[in-house]
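# Analysis of the macromolecular model
What follows is each chain in one-letter form.
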Amino acid sequence: MTSARQLLTVPSEAACRTVADLIQRGDQVGLLEVIATAADDTAPTSITKPILGAVVFGLRDSKTFSDAKTRVVLEGVLKSCSQGRLANTFGEECLSAREVLTDIAQEEGRLADALQILSQVPTDNTALRSGQEKYRFHLFVRMGEIALQLDNQHQAESFLTRAWPLLKHASDNDIRHRFHFAFANVHDQNRKFFEAASRYYTVSHQLEHYQEALRNAIVCLVLADAGPQRARLLAIVARDERIAALGDLGAMLVKVAHQRILRDKDVASLQPFLLTHHKAVSRFGRTVVDNAISQHNLLSASQLYYNISFTELGSLLSVAPNEAERIAAQMISEDRLKAVIDHVKQSITFLAAAGETVPLQVWDVQIASLCQGASAVADAICRRRPELLGLLEA
């Protein structure tokens, strides 16, 4: 058997075959000796580089070498060859070692370790693959996805923000979709629900298996602050034929788009798709879902009533009268509800937005027009048949 030192004296093809044999036999100690020899400053690079490459790429493709042994050997590669001049000499080999170690860490559920390994990839050396725009985009997207799995949305947002300017260099549609989906997830966890819904809905059109993205878009759209932007996107999504395949969730979305008041059974269709941060309780003792449904129902009520007392409004929203007043005041201050609060009468009067008319106002105008028309007909009859005037007065 050729020793590690003797590998430096034989042709590189023969040396690589010896490395492959060590991998096939699962010889962890032998591989570590090869790595130590390749990292020796006195060894010629023209010989050691192919040998080290055979170790790294052989382990990457091996079906017989265990993950535990692979991890030990590749950590030895990084320890011996990622410092000083060797970092440039064996840059590609060290990069591949980090990629394999990251795969192993993710498979074993060690996500924090996986993120730590990737964070050490040098991205400022353009002579290496890791310094090229396309690779950096892939790297930052992967780091962002791992950070999201660790529930660290701030770190995820940082990685994805770094990936954003590099998007134009990505030609692979799969990684582009992963980027947009991950960014939507960041907006979702940061409770920027309208932005999340917009991204999820856009991605849903780009995927063959669109159901998850479309479901997420609907959930975020329901949870988004009520207002004109949300109403426009609601109208678009409600006309999407694909939502029919989502069952009760799709039916609920249509009710929201048509500004119908949501009942408990409607909200129940949303529950299976809610994440932990959707159920977080605010300082007012209400969840994100509670607030979203109350705001939606308040807007729906504004289409049905001229005015309503806080007691009745609280009953409609399933909250106390003072909480109903708080919700209305917040929406009015944010210009998401056209209304006036009367603190003396403890009521709220709804106003029509510019260019819009409350449906009941249209109804009243139509009734008034009908009455005016009937009065005009009666006057015309009396002018032609004065004798009928007495009958009308009677």
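Residues numbered from 1 in each chain as written. Predicted model: local features only at pLDDT ≥ 70, side-chain atom pairs only at ≥ 80, totals over all residues. Heavy atoms only, no water.

## Brief notes about the packing of aromatic side chains
Cut-off, in case you're wondering: By convention, a stacked pair of Phe, Tyr or Trp rings (six-membered ring in the case of Trp) has centres within 6.5 Å and planes under 30 degrees apart, an edge-to-face pair has planes over 60 apart, and any other such pair is tilted. Think of it this way: any DSSP run of H or I at least four residues long counts as a helix, any run of E at least two long counts as a strand, and we number them from the N terminus. Comment: the charge-over-ring label is applied if NZ (Lys) or CZ (Arg) is within 6 Å of the ring centre and within 35 degrees of the ring normal.
On inspection of all chains with the given rule, the structure shows four aromatic pairs. On the numbers, 5.3 Å between centres and 70 degrees between planes, the contact of F181 with Y200 is edge-to-face. Of the two residues, F181 sits in helix α10 (residues 173-189) while Y200 sits in helix α11 (residues 193-204), which places them 19 residues apart along the sequence. It is R199 that lies over the ring of F183; its NZ or CZ is 4.7 Å from the centre. The ring centre of Y210 lies 4.8 Å from the NZ or CZ of R242, which sits over that ring.

## Let's talk about the sheet that holds strand β2 (residues 339-342)
To keep things clear, this is the line we draw: Strands pair, by our definition, only if DSSP identifies at least two bridges between them. Comment: axis = line fitted to C-alpha atoms, over the contacting stretch for helices; angle = value between 0 and 180 degrees taken between N-to-C directions.
Read across the open sheet, the three strands follow the order β1-β3-β2; overall the sheet is antiparallel. The open sheet is flanked by β1 (307-309) and β2, the only strands paired with a single partner. Adjacent strand axes in the sheet meet at a mean angle of 20 degrees, parallel and antiparallel pairs treated alike. The sheet contact formed by β1 and strand β3 (residues 347-350) spans three bridges and is antiparallel. From the neighbouring strand, I308 faces β3, where its bridge partner is I348.

## Some points on the pairing of β2
The cut-off we apply is this: The cut-offs for exposure are 20% and 50% of the maximum accessible area for each residue type, with area from a 1.4 Å probe on protein chains only; residues under the lower value are buried, those over the upper are exposed, and the others partly exposed.
Judged by which residues are buried, β2 turns out to be one-sided: A339 and I341 face inward and are buried, whereas V340 and D342, on the alternate face, are not. When β2 meets β3, the two strands line up antiparallel, connected through four bridges. By the bridge assignment for β3, I341 is matched with I348. Between the antiparallel neighbours β2 and β3 lie four residues, among them Q346 with a positive phi of about 55 degrees.

## A short note on the nonpolar core
Note the following rule: Note on terminology: a nonpolar core comprises buried Ala, Val, Leu, Ile, Met, Phe, Trp, Tyr and Cys residues joined through side-chain atoms within 4.5 Å.
Formed by 33 residues in total, the largest nonpolar core has its most connected members in I218, L223, V237 and L270. In terms of residue count, helix α12 (residues 211-223) provides more of this core than any other element does, eight residues in total.

## Digging into helix α3 (residues 45-61)
As a reminder of what qualifies: How far a helix is expected to stretch is found by multiplying one less than its residue total by 1.5 Å. Any two residues having at least one pair of non-hydrogen atoms within 4.5 Å are treated as being in contact.
Relative to the 24 Å expected for 17 residues at 1.5 Å per residue, α3 spans 24 Å between its end C-alpha atoms, a close match to the ideal helical length. Buried residues along α3 sit in contact with α1 (12-25), α2 (28-38), α4 (67-81) and α6 (91-107).

## A look at the packing of helix α16 (residues 288-302) against helix α17 (residues 310-317)
Spelled out, the test is: For classification purposes, angles smaller than 35 degrees are called roughly parallel, those larger than 145 roughly antiparallel, those between 65 and 115 roughly perpendicular, and all remaining angles oblique. Should the near helix be turned anticlockwise from the far one by less than a right angle, the crossing is termed left-handed; should it be turned clockwise, right-handed. Classes in brief: Ala, Val, Leu, Ile, Met, Phe, Trp, Tyr, Cys and Pro nonpolar; Asp, Glu, Lys and Arg charged; the others, Gly included, polar.
Running from N to C, α16 and α17 point in directions that differ by 125 degrees, and their axes come no closer than 10 Å. As far as their axial angle goes, α17 and α16 are oblique. By crossing handedness, the relation of α16 to α17 is classed as right-handed. On the side of α16, the interface is formed by S294, N297, L298 and A301, while α17 contributes L313, L316 and L317. Residue composition of the contact of α16 with α17, grouped by class: five nonpolar, two polar and no charged.

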